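Below are the chains, spelled out letter by letter.
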Amino acid sequence: MAIPKINPTTTTAWKNLESHFKTIQDVHMKTWFAQDQKRADKFTISWEDFYVDFSKNRITQETFKYLLQLTDEVRLKEAMQAYFNGETINETEKRAVLHTALRASKGAHIEVDGENIMPEVFSVKEKIKHFSHDIISGAKKGYTNKAFTDVVNIGIGGSDLGPAMVVDSLQFYKNHLTTHFVSNIDGDHVNEVIKKLNPETTLFVIVSKTFTTQETLSNATTIKEWFLQSATQEDISKHFIAVSTNIEKVKDFGVDETNIFPMWNWVGGRFSLWSAVGLTISLAIGNSNFENLLLGAHKMDEHFKTEKFETNIPVVLALISVWYNNFFNAESEAIIPYSQYLNQFATYLQQGVMESNGKSVDRNGNPIDYQTGAIIWGEPGSNSQHAFFQLIHQGTKLIPADFIGFAKSLHDNKEHQDKLMSNFFAQTEALLNGKDKSQVLEEGTEETLTPFKVFEGNKPTNTIFINQLTPESLGKLIAMYEHKIFVQGIIWNIYSYDQFGVELGKQLAGKILKELKNNTFTNHDNSTLNLLKHYKNLT
Ligand SMILES: O=P(O)(O)OC[C@H]1O[C@](O)(CO)[C@@H](O)[C@@H]1O
């Protein structure tokens, strides 16, 4: 069963939402809170250790009803079945989309092209487990017989952002291995990392689904050359590991066949941290923590698959986001985790959301005349309060924000935690209520200054409140956003799992690189031509 290709704007639900929008666009959320003491209860989902309060949104029960009607009309349920069953829903690349299989429970049977993929998934998981154990325990050693102290993940995009974010977020659970990430083609990146390494005790994990990515191959080559300054060709097999679908290319690079961790075309790069792409995670926090991350994601998969849409966290968050994106014309969404550990979370989500849903052609190949993927950005609170919150509170743009918080801190510092969480609660309250002129005057502000000190409020937020940051809860959180991306792709009738938009720049960079070597430049606009000449003059 293929995914239905329905233009959302032709649905009755969309028309209902359009006329409903006109009736509520100027209503302040405060009014609804005042009218209904139970509003928050009605718009909160409690599931496992997640408490998701979406009541501080510019929605009513009627809005919610039409948004749910939209899921019916775009046949979301059928699309979800196709997604989980491994059908070729990535039609432009002719692939299934099965990152969910990587965290499925033992005994699951999922077929791709008539073959059960689960035995291979579990055999790679076993390999990850044993390999991680051998490196962490020191059973596997480097070429001078010393235990490993450092791990370098060499990859970019999905082969970097997921592992880097998870390792950073779960640093509390880390073991003695020091992890590094090299991604940028900027040689200063790799050289800064190399500076910190001892070749005798460093393991290099080259991660590239295609094994053709310029950045990763250049960085891996630079590192291999540096390694060979002190080691021999035979020593490579003790220090270089690869994760890829392209086994032949990995072998050509010189990695031993036994050191290759396979992955599959049915795992998209930006959804691949659950596969062997997560090897660095397993090395950094240990395999049982890695497995708990996967377990959390699996629990969210089950919730998404089985929960009715009214109380289905990814579905509800996706619908609210469509509401702002397509009816309020909000251009962006902010992700504000109140945890310094989630410092890289928004950066990670940027690829997930923007590479997936940054599309302007629908599933029938026609140009789209409605908005698709939002711009994702954000930084942890409370830092971000002192950076960009001014614009969210008093700027001219509507910026829906997800506030992610954890009740218990990991270091058990209650005093700091209460202060952090006071800010967490205060911000969404302030964004909701604002401050009117009479309140400003009551504070003794002189009349002429009141316009500047008034806060309109009515700024939407979701509160995603979780008991504690653990591998399992992080797994749930990441999977929650993955499914939100899926739901939105279905509603917008776009293909969320290809990324042709990143190709043009790569092609042109290849052409320019050759031209720089030959010092001849052809077919450029005169701005680019001047820039190239200026560069040549300076270097
Ligand atoms: O893992 P690979 O094949 O090196 O690709 C890295 C990244 O490049 C992209 O293909 C495009 O930038 C991403 O989707 C992907 O995560």
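You'll find the structure just up there.
Predicted model only: the values in this text are computed from it and were never measured. (Residues numbered from 1 in each chain as written. Predicted model: local features only at pLDDT ≥ 70, side-chain atom pairs only at ≥ 80, totals over all residues. Heavy atoms only, no water.)

**Digging into helix H1 (residues 12-24)**
An ideal rise of 1.5 Å per residue puts 18 Å on 13 residues; H1 measures up with 18 Å between its terminal C-alpha atoms. When H1 is considered as a whole, its buried residues turn out to be Ala13, Trp14, Leu17, His20, Phe21 and Ile24. Mapping the buried residues of H1 onto a view down its axis gives an arc of 125°, with all of them on the same face. Exposed and oriented more than 90 degrees from the buried face of H1 are Lys22 and Thr23. Where the residues of H1 are buried, they touch helix H2 (29-35), helix H4 (61-73) and helix H14 (313-326). (Helix = DSSP H or I, 4+ residues; strand = E, 2+ residues; numbered from the N terminus. Expected span 1.5 Å × (residues − 1). Buried < 20%, exposed > 50% of the residue type's maximum accessible area, 1.4 Å probe, protein only. Arc of directions from axis to C-beta. Contact = heavy atoms within 4.5 Å.)

**A short note on unusual backbone geometry**
A cis geometry characterises the amide bond from glycine 381 onward to serine 382, with omega recorded as 10°. Note on placement: serine 382 falls in the loop between strand S11 (375-377) and helix H16 (389-394). Positive phi outside glycine occurs at asparagine 145, with the angle close to 65°. Residue placement: asparagine 145 occurs in the loop between helix H6 (118-137) and strand S5 (150-154). On the basis of relative accessibility, which here comes to 58%, the residue asparagine 145 falls in the exposed class. Even without being a glycine, asparagine 458 presents a positive backbone phi close to 65°. Note that asparagine 458 resides in the loop between helix H19 (450-453) and strand S13 (461-468).

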